[in-house]
Amino acid sequence: MTEPAKPRVLAQVAPRYLAGGGDPRWVTVPLQTAFRWQAAHQPLSPGVRLTSRDQQAELLLSPDPDQPWWTLRHHGAGEEEAWTVTFGARTPAEIVATATDAFATAGGSRAVVPQDVLGQAGWKGSPNTGFVSPDGHLAVTRNAWGSWHITAATVHSPWNAAARRILVWEGLLTSRTPSRVVAAVFTGLVSPDPVLRDEKAMVPFLRYSARIARKRIPARQAEEALWERVDRLSAQRPNRALPPTPGLPGVPLPRRTR
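Note that the structure is a prediction, hence the values are computed from the model and not measured.

Analysis parameters
- Residues numbered from 1 in each chain as written.
- Predicted model: local features only at pLDDT ≥ 70, side-chain atom pairs only at ≥ 80, totals over all residues.
- Heavy atoms only, no water.
- 1 Å grid on protein atoms, 1.4 Å probe; cavity = no way out; pocket = protein on both sides within 12 Å on 5 of 7 lines; lining within 4 Å.
- Points joined across faces, edges and corners; volume = space filled by probe spheres on them.
- Helix = DSSP H or I, 4+ residues; strand = E, 2+ residues; numbered from the N terminus.
- Nonpolar A, V, L, I, M, F, W, Y, C, P; charged D, E, K, R; others polar.
- Core = buried A, V, L, I, M, F, W, Y, C linked by side-chain atoms within 4.5 Å.
- Buried < 20%, exposed > 50% of the residue type's maximum accessible area, 1.4 Å probe, protein only.
- Contact = heavy atoms within 4.5 Å.
- Pairing = 2+ DSSP bridges.
- Axes fitted to C-alpha atoms, helices over the stretch in contact; angles between N-to-C directions.

Q: Even after reading the chapter, I still don't get empty space enclosed by the protein, so can you show me in this structure?
A: Scanning the entire structure with this criterion turns up two cavities of 30 Å³ or more. Within this model, the second largest cavity holds a volume of roughly 30 Å³. Along the walls of the second largest cavity sit Leu-59, Trp-70, Thr-71, Leu-72, Val-85, Phe-87, Val-96, Ala-99 and Thr-100, which together make up its complete lining. Sorting the residues of the lining of the second largest cavity by element identifies strand E5 (70-74), strand E6 (83-87) and helix H2 (93-104) as the ones contributing at least two each. Counted by class, the lining of the second largest cavity contains seven nonpolar, two polar and no charged residues.

Have a look at this one:
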């Protein structure tokens, strides 16, 4: 008689920027379900392309190790100029989602200076020179053209003083990226809240650098948290007229389990 399978559990990992990519549905499911972005049909392609209902923005998930893994692009309309946000493969999905959420909800009413988010969180640096996280693993700089560059790095063996430094992931927010989107990403970076990961699936150098709590969380709680987030974002969906949904065949959404 076989033993019943043990319920899958997840580890609580902090800081979140060293947790690894995580579940991409944290980004894609709210866009499709809460904001009705459409999935383009891409036969025989491992990538995902979601397009906003007004056709002015798109999200690309491209599993290419030599190119950005995530790309959020606005094509520009009216007085708004085009802009692009990209993230590497090991960028936590929770951080990518801060950008997509802020854009899709049209942000809050209170203007936020992105640099203030980092400075008020105790990060070292200044608006002119850039900022570094207190643990030294993450840096945020702004180039002469106004684009923001984010780099997360660690060492292969933290206990070895001579260990080489490894780039974990990087992000780029071009100069016309709305300040509400930039501020939302920075808020995600400074958040002290842990994220949930399968510890066994994490690459070793991230397990060594991150803090992993002993208490484990049932995997079903992560699924429930995703759908609770979808419900919350649905309530924040901008109330504006949209064109009818195009008849594009898309990627089927995961079924709600609760």
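Q: Where do I start with the nonpolar core in this structure?
A: As a rule of thumb, soluble globular proteins bury nonpolar side chains together. One finds Trp-169, Phe-186 and Leu-189 to be the most contacted residues of the largest nonpolar core, which totals 58 residues. With eight residues, the single largest contributor to this core is H2. In this structure Leu-189 touches Tyr-17, Ile-95, Trp-123, Leu-138, Val-140, Ile-150 and Trp-169, once residues within four positions along its chain are discounted.

Q: Explanation requested: the sheet that holds strand E7 (residues 124-126) in the structure shown.
A: The strands that make up a sheet pair up through hydrogen bonds in the backbone, lying either parallel or antiparallel. Spatially, 10 strands are ordered E2-E3-E4-E5-E6-E11-E10-E9-E8-E7 in an open sheet, and the strand pairing comes out antiparallel. Single-partner strands in this sheet number two, and they are strand E2 (38-39) and E7. For strand E4 (residues 57-61) and E5, the ladder comprises five bridges, and the chain directions are antiparallel. By the bridge assignment for E5, Leu-60 is matched with Thr-71. The strands touched by H2 within the sheet are E4, E5, E6 and strand E11 (165-173), with E5 carrying the most contacts at an inclination of about 15 degrees.

Q: I keep staring at unusual backbone geometry and nothing clicks. Help me out?
A: Across the chain, the bulk of peptide bonds are trans and the bulk of non-glycine residues have phi less than zero. Cis geometry is adopted by the peptide bond preceding Pro-15, which originates at Ala-14 and carries an omega value of -5 degrees. With respect to the helices and strands, Pro-15 occurs in the loop between strand E1 (9-14) and helix H1 (25-33). Phi at Arg-36 takes a positive value of approximately 60 degrees, unusual for a residue other than glycine. Note that Arg-36 resides in the loop between H1 and E2. Relative accessible area serves as the criterion here: at 37%, Arg-36 is assigned to the partly exposed category. Phi at Gln-55 is positive, roughly 65 degrees, even though this residue is not glycine. Relative to the helices and strands, Gln-55 is located in the loop between strand E3 (48-51) and E4.

Q: Looking at this model, I keep getting lost on the sheet that holds E1. Mind explaining?
A: One open sheet accounts for three strands, arranged E12-E1-E13; its pairing is antiparallel. Since the sheet does not close on itself, it has two edges, and those belong to strand E12 (195-197) and strand E13 (211-218), each with one partner. Geometrically, the sheet is characterised by an average inter-axis angle of 40 degrees between neighbouring strands, direction not taken into account. Both E1 and E12 contribute to a ladder of three bridges, which runs antiparallel. By the bridge assignment, Ala-11 is partnered in E12 with Arg-197. Together, E1, E12 and E13 form the strand contacts of helix H6 (residues 219-235), whose direction differs from that of E13 by roughly 85 degrees.

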